[in-house]
Amino acid sequence: MKPINGFYVLAYYVVGLILRILHPVTVEGIEKLPKHGVLLCANHSSNWDPLVIGLHLPKNYRLHAMAKEELFRNAFLNWLFRKLGAFPVSRGNTDIQAVKTAIQIIKSGDNLLIFPEGTVIRNGIGSADGLPAHAKGGAAMIGVRTGAILVPVFVDGEKKLFHRTRLIFGDPYEPVYTGRHGTAEEMQKIADDLLAAAYALGGQKIGGAPLE
């Protein structure tokens, strides 16, 4: 077994303590979460989401996160995020290196967090540019290529100071596709289904409306 990143453990306890005070979290479904080779697919409602998810998993869960490259442009943040297991992805085009890194992580037995929407979607309604919640097919493609266990995750959109947030882990999702790697249309449907399942955990439909 690979040794645990000492810096990550330090951050886990120090940042985790601060986060639990500022943003208390109710966690559901973590007891059924697989331990290895998991691709967590979460809705993206706030820049706090990676911390909320990562710091409420066991410290030895070996979680990595795919994050937008803009966060890595500052030298210190680039060093910090990489030490914590994150790596950059260029949005808006196919980032081959990011895909290769993601595949290597899953195949090594570690776990990966991806936000299929690719940007923050406030309350499931839309991003700053007004676009509705929409999944990108890359998460499904990575999951199928690696045989990862796909797990939808819901994080509450409201993260007010000292107000409790819900974090819900769903049941593993079984993708359906043809051939060895499936078609582009099948990958898109898998991604859409995963995102819909994530929102459903929180009682929402894509678009922010509650489920009836």
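Residues numbered from 1 in each chain as written. Predicted model: local features only at pLDDT ≥ 70, side-chain atom pairs only at ≥ 80, totals over all residues. Heavy atoms only, no water.

J.: Is there a simple way to explain the pairing of strand β3 (residues 63-68) in this structure?
T.: Both faces of the sheet carry side chains from a regular strand, because those side chains alternate between them. Counting buried positions along β3 yields five of six residues, so the element is predominantly enclosed. By the bridge criterion, three bridges tie β3 to strand β5 (residues 111-114) in an arrangement that is parallel. Residue pairing in the sheet places A65 in a bridge with L113 of β5. Pairing of β3 with strand β4 (residues 86-89) involves four bridges; the strand directions are parallel. Each residue of the ladder has a partner; that of M66, found in β4, is F87. In this region the chain leaves β3, passes through helix α3 (residues 75-83) and returns to the parallel neighbour β4; the handedness of that crossover is right-handed. (Buried < 20%, exposed > 50% of the residue type's maximum accessible area, 1.4 Å probe, protein only. Helix = DSSP H or I, 4+ residues; strand = E, 2+ residues; numbered from the N terminus. Pairing = 2+ DSSP bridges. Right-handed = clockwise from strand over helix to strand, strands pointing away.)

J.: Would you take a moment to explain α3 for this structure?
T.: Residues separated by three or four positions in an α-helix point in the same direction, a consequence of the helix having 3.6 residues per turn. Among the residues of α3, the N-terminal cap falls to N74, whose side-chain oxygen and the backbone nitrogen of F76 are separated by 2.9 Å. At the C-terminal side of α3, G85 shows a positive phi close to 95°. (Polar contact = N/O pair within 3.5 Å; in protein donor to acceptor, adjacent residues only side chain to side chain.)

J.: I tried to follow unusual backbone geometry on my own but got confused; where do I start?
T.: Leaving glycine out, the prevailing phi sign among residues is negative, and the prevailing peptide bond configuration is trans. With phi around 55°, R62 is a residue other than glycine that occupies positive phi space. Examined against the element boundaries, R62 turns out to sit in the loop between α2 (49-54) and β3. Here R62 falls in the partly exposed class, since its relative accessible area comes to 21%. Although it is not a glycine, F162 sits at a positive phi angle of roughly 65°. Inspection of the secondary structure puts F162 in the loop between β6 (149-155) and β7 (165-169).

J.: Sorry if this is basic, but what is going on with the sheet that holds β5 here?
T.: Strands pair in a sheet through their backbones, by hydrogen bonds, and they do so in one of two ways: parallel or antiparallel. The seven strands are arranged β1-β7-β6-β2-β5-β3-β4 in an open sheet whose pairing can be described as mixed. Among the strands making up the open sheet, the edge pair consists of β1 (25-28) and β4. Each strand of the sheet is rotated relative to its neighbour by a mean of 25°, with strand direction disregarded. Sitting on the sheet, helix α5 (residues 138-146) touches β2 (38-42), β3, β5 and β6, and the angle it makes with β2 is about 165°. Docked against the sheet, helix α6 (residues 184-201) engages β2, β6 and β7, running at close to 40° with respect to β6. (Axes fitted to C-alpha atoms, helices over the stretch in contact; angles between N-to-C directions. Contact = heavy atoms within 4.5 Å.)

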